[in-house]
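Read off the chains here:
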Amino acid sequence: MRISDLRERILLSFGPQWAPSFSADIAISELGSKSVNEALAAGLEPDEIWRAVCKAHPKQTAPHK
């Protein structure tokens, strides 16, 4: 998965108003309590990040898996 694909799925899952804040501010335990942006900066793969987002927020992400 490319970073742009990850960003697109997050946008589709959380909407244009919430997606940027979600990526920057919400710490996900599966990512070592990092946000999506922090995980990307730390070198985690986008598909690994997406799986963690899906696990933490299954209702929002289910339609976009």
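Keep in mind that what you see is a predicted model, and the values were worked out from it rather than measured.

Moving on, we come to the side chain of Ser 13. Take Ser 13: it is sitting in helix 1 (residues 3-25). Overall, Ser 13 belongs to the buried group, its relative accessible area being 12%. For Ser 13, the side chain forms a polar contact with the main-chain oxygen of Arg 9, separated by 2.8 Å. Those residues in contact with Ser 13 that sit more than four places away from it in its chain are Trp 50, Gln 60, Thr 61 and His 64.

Here we take up the packing of helix 1 against helix 3 (residues 46-56). Two elements in contact, helix 1 and helix 3, have axes separated by 9 Å at closest approach and are oriented at 40°. When the axis of helix 1 is compared with that of helix 3, the two are oblique. Classified by chirality, the crossing of helix 3 by helix 1 is left-handed. On helix 3, the residues that touch Ile 3, Leu 6, Arg 9, Ile 10, Ser 13, Phe 14 and Phe 22 of helix 1 are Pro 46, Ile 49, Trp 50 and Val 53. When grouped by side-chain class, the residues that make up the contact of helix 1 with helix 3 number nine nonpolar, one polar and one charged.

Another aspect to go through is the packing of aromatic side chains. Counting across every chain of the model gives two aromatic pairs. Centroid distance Phe 14 to Phe 22: 4.1 Å. Interplanar angle 15°. Geometry classified as stacked. You'll find Phe 14 and Phe 22 in the same group, each marked buried. The rings of Phe 14, Trp 18 and Phe 22 are connected pair by pair, giving a single aromatic cluster.

The rules behind the values
Residues numbered from 1 in each chain as written. Predicted model: local features only at pLDDT ≥ 70, side-chain atom pairs only at ≥ 80, totals over all residues. Heavy atoms only, no water. Helix = DSSP H or I, 4+ residues; strand = E, 2+ residues; numbered from the N terminus. Buried < 20%, exposed > 50% of the residue type's maximum accessible area, 1.4 Å probe, protein only. Polar contact = N/O pair within 3.5 Å; in protein donor to acceptor, adjacent residues only side chain to side chain. Contact = heavy atoms within 4.5 Å. Axes fitted to C-alpha atoms, helices over the stretch in contact; angles between N-to-C directions. Parallel < 35°, antiparallel > 145°, perpendicular 65-115°, else oblique. Left-handed = near helix turned anticlockwise from the far one by under 90°. Nonpolar A, V, L, I, M, F, W, Y, C, P; charged D, E, K, R; others polar. Phe/Tyr/Trp six-rings, centres within 6.5 Å; stacked < 30°, edge-to-face > 60°.

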